[in-house]
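What follows is each chain in one-letter form.
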Amino acid sequence: MFSYLEHILETQDRAEVERILKNIEQCKMTLSGLGYIEFTFEDFFSMFIEELQNVLQGHETSIGPEELLERTRDQTTSDYVVMFFRFVTSGEIQRRAEFFEPFISGLTNSTVTQFCKSSVEPMGEESDHVHIIALSDALGVPIRVMYLDRSSCDTGNLSVNHHDFIPAANSSEGDAAMGLNPAEEKPYITLLYRPGHYDILYPK
């Protein structure tokens, strides 16, 4: 969340904001279509949209880098935005259950719906490959995840590998018609994977 909002704050890319707002609206429609009652998720969506609009400059509620950092550290704001991402991820996995089912069956004996209820939506559950694919696809935001390979540490070498999650590579044919076109550029969010945790990386 912070990395994406920081990117918007730095670039003031209003076209990207308009694009992702359309995707967010589609995510709301997906959840409603899956039987979720709107009041169970609307506050979380509203919080993220508010944060997104606040990083755009030129209006009374605009914020700068320091305030963005402080707001991200606020427990209520952070929890609400995390729940926004969890609902978006859950909706995307269930919308494309046939695509995600083989991944999920390899991790657990749960059905797609059970997996979302137990491993996606609850706070405190860790995110893995499945979650990142779904979130990246749903919002159309490419993400790069870096991995440190310590298998060659005995020889004094440490290799760094990465995997790019590109929405266009996974989205269904109907997504373009629904306005789910991904950002057409290389990933500008780069994360370093550590067991149970991801850190933001910044290019030098």
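To be clear, the structure that these remarks concern was listed above.
Keep in mind it's a predicted model, so treat the numbers as computed, not measured.

Novice: How would you explain the overall build of the protein if you had to name every residue and give the values?
Specialist: Assigned secondary structure in the protein consists of nine helices and four strands. Secondary structure elements of the protein, listed N to C terminal, follow the sequence α-α-α-α-α-α-α-α-β-β-α-β-β. Sequence separation of 24 or more characterises 66% of the internal contacts of the protein that already satisfy a separation of 6 or more. Element-wise, carbon and sulfur atoms account for 51% of the exposed surface of the protein, whose accessible area totals about 11300 Å².

Novice: Any chance you could break down the environment of Asn54 for me, citing the residues and the numbers?
Specialist: Within the secondary structure, Asn54 is located in helix α3 (residues 42–54). For Asn54 and Leu68, which are 14 residues apart along the polypeptide, the C-alpha to C-alpha distance reads 8.8 Å. Excluding residues within four positions of it along the chain, Asn54 makes contact with His59, Thr61, Ser62, Ile63 and Arg71.

Novice: Any details on the sheet that holds strand β4 (residues 197–200)? Residues and values, ideally.
Specialist: Sheet architecture is open: four strands sit in the order β2-β1-β3-β4, paired in mixed fashion. Each having just a single partner strand, β2 (159–165) and β4 make up the two edges of the open sheet. Put simply, the sheet's adjacent strands are angled 30° from each other on average, direction ignored. The pairing of strand β3 (residues 189–194) with β4 spans four bridges and is antiparallel. Residue Leu191 lies in a different strand from β4, and its bridge partner there is Ile200.

Novice: Lay out the packing of aromatic side chains with the relevant residues and their values.
Specialist: As enumerated under the stated definition, the model contains 15 aromatic pairs in all. Aromatic side chains Phe45 and Phe84 sit 4.8 Å apart centroid to centroid with 85° between the ring planes, which places their arrangement in the edge-to-face category. Taken together, the positions of Phe45 in helix α3 and Phe84 in helix α5 (residues 75–95) put the pair 39 residues apart, joining distant regions of the chain. Per residue, the accessibility class of Phe45 equals that of Phe84, and both read buried. In this structure an aromatic cluster arises from ring pairing among Tyr36, Phe41, Phe44, Phe45, Phe48, Tyr80, Phe84, Phe85 and Phe87. Cation over ring: Arg96 sits above Phe99, and NZ or CZ is 4.6 Å from the ring centre.

Novice: So what's going on with the nonpolar core? Residues and values would help.
Specialist: In terms of nonpolar packing, the biggest core is built from 48 residues, with Tyr4, Phe45, Phe48, Phe84, Ile93 and Leu139 touching the most fellow members. Beyond its immediate stretch of four places on either side in the chain, Tyr4 contacts Glu16, Ile20, Phe48, Leu52, Val141, Tyr188 and Ile189.

Novice: Describe a nonpolar patch on the surface, naming the residues involved and giving the relevant values.
Specialist: A cluster of nonpolar residues, Leu148, Leu158 and Val160, forms a patch on the protein surface that exposes about 250 Å² of accessible area. If you trace the backbone, Leu148 turns up in strand β1 (residues 143–149).

Cut-offs used in this document
- Residues numbered from 1 in each chain as written.
- Predicted model: local features only at pLDDT ≥ 70, side-chain atom pairs only at ≥ 80, totals over all residues.
- Heavy atoms only, no water.
- Helix = DSSP H or I, 4+ residues; strand = E, 2+ residues; numbered from the N terminus.
- Contact = heavy atoms within 4.5 Å.
- Areas by Shrake-Rupley, 256 points an atom, 1.4 Å probe, with all protein chains shown as cover.
- Pairing = 2+ DSSP bridges.
- Axes fitted to C-alpha atoms, helices over the stretch in contact; angles between N-to-C directions.
- Phe/Tyr/Trp six-rings, centres within 6.5 Å; stacked < 30°, edge-to-face > 60°.
- Buried < 20%, exposed > 50% of the residue type's maximum accessible area, 1.4 Å probe, protein only.
- Lys NZ or Arg CZ within 6 Å of the ring centre and 35° of its normal.
- Core = buried A, V, L, I, M, F, W, Y, C linked by side-chain atoms within 4.5 Å.
- Patch = residues over 30% accessible without salt bridge, like charges linked within 9 Å, V, L, I, M, F, W, Y side chains within 5 Å.
- Salt bridge = Lys/Arg side-chain N within 4 Å of Asp/Glu carboxyl O.

All we've got here are geometric facts, nothing functional implied.
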